[in-house]
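One letter stands for each residue in the lines below.
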Amino acid sequence: NAGVTQTPKFQVLKTGQSMTLQCAQDMNHNSMYWYRQDPGMGLRLIYYSASEGTTDKGEVPNGYNVSRLNKREFSLRLESAAPSQTSVYFCASSGSVGGTDTQYFGPGTRLTVL
Amino acid sequence: GESVGLHLPTLSVQEGDNSIINCAYSNSASDYFIWYKQESGKGPQFIIDIRSNMDKRQGQRVTVLLNKTVKHLSLQIAATQPGDSAVYFCAETGTGFQKLVFGTGTRLLVSP
């Protein structure tokens, strides 16, 4: 049981390049999330998917798109990367543990946009 | 907008001491609170949670206290160990689990 996995762990892009961050969970959770974490700031929600086939915007969705490919996988795409998107990106999933719907996080992807 | 914040950005303690990390929240409708631990280079890890119908909950070496009157949350770590060194985040929601609001974090430094 690997939990939440993310690829890649590190990525460097040039301004204007595109890329997709991959996330998968093996806990049979319905809900999945993408966050970004910037120095001195808390985690901010980019997009989330309450269930397979649905996605919704979070606090900071501009410049991103997402795809809930199936119940296990939730990808985040940057179509035209900008330096402001330099950040650490975390994927999470949630499901009930002992009656509590807790979010479990992946190890993160550190993205630098030059 | 609603926000969750922390009183102390860095807390330094000696090994064996008890640690208390505080968090203030502003959304009076919040009904679920979580503490996460984040070690360097890793994702946040769930520690303990509490619902608004409780004022205290205990786990293994950790206790969360909730004071709804003053909208204050605290995490107590007993007999702090060097492995407890990390950044601790509080998070809250009052609108469902998809809308967790995270604080900026408190760094806990434990010296031997």
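This is a predicted model, so every value here is computed, not measured. Numbers given to residues run from 1 along each chain, matching the order in which its sequence is written. Here chains are named by letter from A upward and ligands by number from 1 upward, in the order in which they appear as written. Local features in this predicted model are restricted to residues of pLDDT 70 or higher, and side-chain atom pairs are both shown and tallied only at a pLDDT of 80 or more, whereas totals for entire chains, interfaces and linings draw on every residue. The basis for every side-chain value is the complete set of non-hydrogen atoms in the structure, without hydrogens or water.

Undergrad: What's the story with unusual backbone geometry in this structure? I'm lost.
TA: One can expect most non-glycine residues to show negative phi and most peptide bonds to be in trans. The linkage connecting Thr7 of chain A with the following residue, Pro8 of chain A, adopts the cis geometry, with an omega of -5 degrees. Strands here mean DSSP runs of E at least two residues long; helices mean DSSP runs of H or I at least four residues long; both are numbered from the N terminus. Take Pro8 of chain A: it is sitting in the loop between strand 1 (4-7) and strand 2 (10-13). Not every positive phi belongs to a glycine, and Ala79 of chain B is a case in point at roughly 50 degrees. Tracing the backbone through its elements, the reader meets Ala79 of chain B in the loop between strand 8 (72-77) and strand 9 (86-93).

Undergrad: Can you walk me through the interface of chain B and chain A in this structure?
TA: Buried accessible area, meaning the area lost when the parts come together, often serves as the stated size of an interface. Whether two residues touch is decided by their heavy atoms; if any such pair falls within 4.5 Å, the residues are in contact. Listed as interface residues are 18 residues of chain B and, on the opposing side, 22 residues of chain A. For any pair of parts, buried area is found by adding up, for both, the accessible area (1.4 Å probe) each one loses once the two are put together. Both sides together, the interface formed by chain B and chain A hides about 1500 Å², and carbon and sulfur atoms give 55% of it. The salt bridge definition used is simple: a Lys or Arg side-chain nitrogen within 4 Å of an Asp or Glu carboxyl oxygen. Where chain B meets chain A, there are zero salt bridges. A breakdown of the residues in the side of chain B that touches chain A according to their chemical character gives eight nonpolar, six polar and four charged. Residue classes follow a fixed rule: Ala, Val, Leu, Ile, Met, Phe, Trp, Tyr, Cys and Pro count as nonpolar, while Asp, Glu, Lys and Arg count as charged, and any other residue, Gly among them, counts as polar.

Undergrad: So what exactly am I meant to see when it comes to the state of the cysteines here?
TA: Simply put, the disulfide is a covalent bond whose two ends are the sulfur atoms of two cysteines. Disulfides are defined in this document as cysteine sulfur pairs within 2.5 Å. Under the counting rule described, the total for this entry stands at two disulfides over all chains. Sulfur-sulfur distance for the disulfide between Cys23 of chain A and Cys91 of chain A comes to 1.9 Å. An S-S torsion of about -75 degrees defines the bridge between Cys23 of chain A and Cys91 of chain A as left-handed. On the criterion of sequence distance, the pair formed by Cys23 of chain A in strand 3 (residues 19-25) and Cys91 of chain A in strand 9 (residues 87-97) is long-range, its members being 68 residues apart. Both residues of the pair, Cys23 of chain A and Cys91 of chain A, count as buried. Covalent S-S linkage joins Cys23 of chain B and Cys90 of chain B, the inter-sulfur distance amounting to 1.9 Å. Between Cys23 of chain B and Cys90 of chain B, the S-S torsion sits near 55 degrees, and that sign places the bridge as right-handed. Residue Cys23 of chain B is located in strand 3 (residues 19-25), and its partner Cys90 of chain B is located in strand 9; the two are separated by 67 residues in the primary sequence. The exposure classification of Cys23 of chain B matches that of Cys90 of chain B, with both residues buried. The rule is simple: take the accessible area with a 1.4 Å probe, protein chains only, and divide by the maximum for that residue type; under 20% is buried, over 50% is exposed, in between is partly exposed.

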